[in-house]
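What follows is the residue order along each chain.
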Amino acid sequence: MPLVSAFLVPGNPLPKLKPEVSGLGRLNAAMQRAGRALAASRPDVVLLYSTQWLAVLDQQWLTRRHSTGLHVDDNWYEFGDLPYDIHVDSDLAHACVLGSPRIGIHARGVNYDGFPIDSGTIAAASLMGIGCRERPLVVASNNLYHDADVTLRLAAMAADCAEEQGKRVAVVGVGGLSGTLFRTEIDLRADRIATADDDQWNQRVLRLMESGDVRELKRVIPEFAAAARADMGFKHFYWILGALKARLVGARVHGYGPIYGSGAAVVEFTL
Amino acid sequence: MAQGEIIAGFLAPHPPHLVYGENPPQNEPKSQGGWEQLRWAYERARAALDAMKPDVLLVHSPHWITSVGHHFLGVRQLSGRSVDPIFPNLFRYDFSLEVDVELAEACAEAGRRAGLVTKMMRNPNFRVDYGTITTLHMIRPQWDIPVVGISANNTPYYLNTKEGLAEMDLLGRATREAIAKTGRRAVLLASNTLSHWHFHEEPAIPEDMSKEHPQNMAGYQWDMRMIELMRKGRMREVFKLLPQFIEEAFAEIKSGAFTWMHAAMAYPELAAELFGYGTVIGTGNAVMLWDLRAAGQSLLGGPAAQSDPRGRLVG
């Protein structure tokens, strides 16, 4: 089986930028633990999808072999910069570009110096130790017009391409749980999930992941997305499910907590 | 101190295709032209702006999206390379701009007093969004006028159009107050497309104009209806129709720049000059001018107009 590990991690960069805040520090540590588990699974490549890489035209795949630079988040610039040094499995990324039309999706590669790699991809790569030479990425954009099913099929296609190349694969979905952010400035030390309902929804979804109940997850996610403003309809979870071909048997929650009112979890799936 | 003045407001959309079509030295990709009618519209807008001799250009861009409040560029000099995340094949632009930090701070302070959350962006490594850069390049390619860059708080999308545009109205009023207080002669730029239905695939040659046309008839008809009202100066009707226009034409005006600009101008019932209209990957774009100075309405002596824009927004 080429798929060796799978993870869901938050995309908000605050755990990376403000680890001295205890709640964010716990998420930071959880992402590092998840990264160690990922490294222990010895993948050749990491298939990563971030809700924050927004696209409206085509399905974009990062094909640039090596990207370096300094990113500043549009919202959280006051907490510092996000340097990045990201290696991509360009051969596999090109295979995904070519494979997308076979499942009816127009696609293109992105290979430009200075391309604005999103905060979620950078934070996940940095904290999990992925996107390095040993564990290069294949990064897929979040086309706003793609639904859960399209996202699922894209991930399955990417996993198939990796299998054709004989590669061991880890998959990472980068995005949040409940999506209600506080609209005014808060003391980060007093952060909490914005509403009790959001908290209950998050915990219900996490329990379903832990129990590996894929059928029930698929049933409740649309309701979760509507009721708790789940980040981008929770498409990053469908990315994981697609790569896994829905062979999910359980999960371990490394961390769960608020990021500016929204829900964030670090989840390692049991294959 | 000079008397503050809002000389004019421009509807100044930001498709990066226009920069790509022009082939300025700052943009790495090179084209065979394209979108000439919109680029010629901007040529006329450039000439109009040149005659105004403003101290500062204020631009509100939908591509600097913020979730906690309304943000203002707050670093005196910003430079770098801006690569469009959607059209990186068309727009990789080396920018360098000067920010009027004093006016930006005054806007932020006035906004706070009006009850808004506002923030100053002080990170010198910040990469200015392509919407701001495209609008500024197209209206003033010399880059010799200081700017105030304003983010688009996502309230219109996160909550609803009515509440979101009510915030933009307050932001516009605060902007007007700040311009009056600092004595600037200012020009406002609303970086917005009109109808925003677009194609989902790009032609093999992006500047192949045989592929360019409105994405749908309803969007085009809405654009013409709104432009005609603007040309006649029937702005009350424009604002009354705005929520329906936004809903039915998927208008980018929802992001707030247009409302911000007109609130700052105190919602003049003033005929706009249309420099040109054209589509870009199917979206509707108009370059338009509300010339307050020519109408004798530019000097800021007293409070903003006593109109009720929120009432207009809800019809």
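One can find the structure itself at the top, above this paragraph.
If you're wondering where the values come from, they're calculated on a predicted model, not measured in any experiment.

**Structural notes on the overall build of chain B**
Part 1 of the argument: Counting its secondary structure elements, chain B contains 10 helices and 10 strands.
Part 2 of the argument: Relative to the globule expectation of 20 Å for 315 residues, the C-alpha radius of gyration of chain B, 18 Å, shows essentially globular dimensions.
Part 3 of the argument: The principal-axis extents of the C-alpha atoms in chain B amount to approximately 55 × 40 × 40 Å.
Part 4 of the argument: A separation of at least 24 residues holds for 84% of the contacts in chain B among residues at least 6 apart in sequence.

**What about the packing of helix H3 (residues 90-99) of chain A against helix H5 (residues 148-164) of chain A?**
The description of two helices packed together rests on the angle between their axes and the distance between the axes.
Residue and element names in this part refer to chain A.
Part 1 of the argument: Two numbers describe how H3 lies on H5: the axes approach to 9 Å, and their chain directions differ by 130°. As summarised for this structure, H3 and H5 are arranged oblique, according to the angle between their axes. In this structure, H3 meets H5 at a crossing whose hand is right-handed. Across the interface between the two elements, Leu92, Ala95, Cys96 and Gly99 of H3 pack against Met157, Ala158, Cys161 and Ala162 of H5.
Part 2 of the argument: Here the residues of the contact of H3 with H5 are counted per class, giving 7 nonpolar, 1 polar and no charged.

**Quick look at the environment of Ile103 of chain A**
Part 1 of the argument: The residue Ile103 of chain A is located in the loop between H3 and strand S6 (107-110) in this model.
Part 2 of the argument: Distance from Ile103 of chain A to Leu154 of chain A, taken between C-alpha atoms, is 7.8 Å for residues 51 residues apart in sequence.

**Quick look at the interface of chain A and chain B**
Part 1 of the argument: Chain A puts 23 residues into the contact, and the matching count from chain B is 21 residues.
Part 2 of the argument: The residue makeup of the side of chain A that touches chain B, split by class, is 13 nonpolar, 4 polar and 6 charged.

**Things to note about unusual backbone geometry**
Part 1 of the argument: Even without being a glycine, Arg42 of chain A presents a positive backbone phi close to 55°.
Part 2 of the argument: Mapped onto the elements of the fold, Arg42 of chain A is located in the loop between helix H2 (22-40) and strand S2 (45-55).
Part 3 of the argument: Note on Arg42 of chain A: 12 C-beta atoms within 10 Å, which makes it exposed.
Part 4 of the argument: The phi dihedral of Ile281 of chain B falls on the positive side, at around 45°, and the residue is not glycine.

**Regarding the pairing of S2 of chain A**
Residue and element names in this part refer to chain A.
Part 1 of the argument: The buried fraction of S2 amounts to 9 of the 11 residues, a majority that puts the element mostly inside the structure.
Part 2 of the argument: Sheet topology note: the S2/strand S8 (residues 169-174) ladder contains 6 bridges and is parallel. By the bridge assignment for S8, Leu48 is matched with Val172.

Reading the values: rules and limits
Residues numbered from 1 in each chain as written. Chains lettered and ligands numbered in written order. Predicted model: local features only at pLDDT ≥ 70, side-chain atom pairs only at ≥ 80, totals over all residues. Helix = DSSP H or I, 4+ residues; strand = E, 2+ residues; numbered from the N terminus. Rg over C-alpha atoms; globule rule 2.2 N^0.38 Å. Contact = placed C-beta atoms within 7 Å. Axes fitted to C-alpha atoms, helices over the stretch in contact; angles between N-to-C directions. Parallel < 35°, antiparallel > 145°, perpendicular 65-115°, else oblique. Left-handed = near helix turned anticlockwise from the far one by under 90°. Nonpolar A, V, L, I, M, F, W, Y, C, P; charged D, E, K, R; others polar. Buried ≥ 20, exposed ≤ 12 C-beta atoms within 10 Å, placed from the backbone. Pairing = 2+ DSSP bridges.

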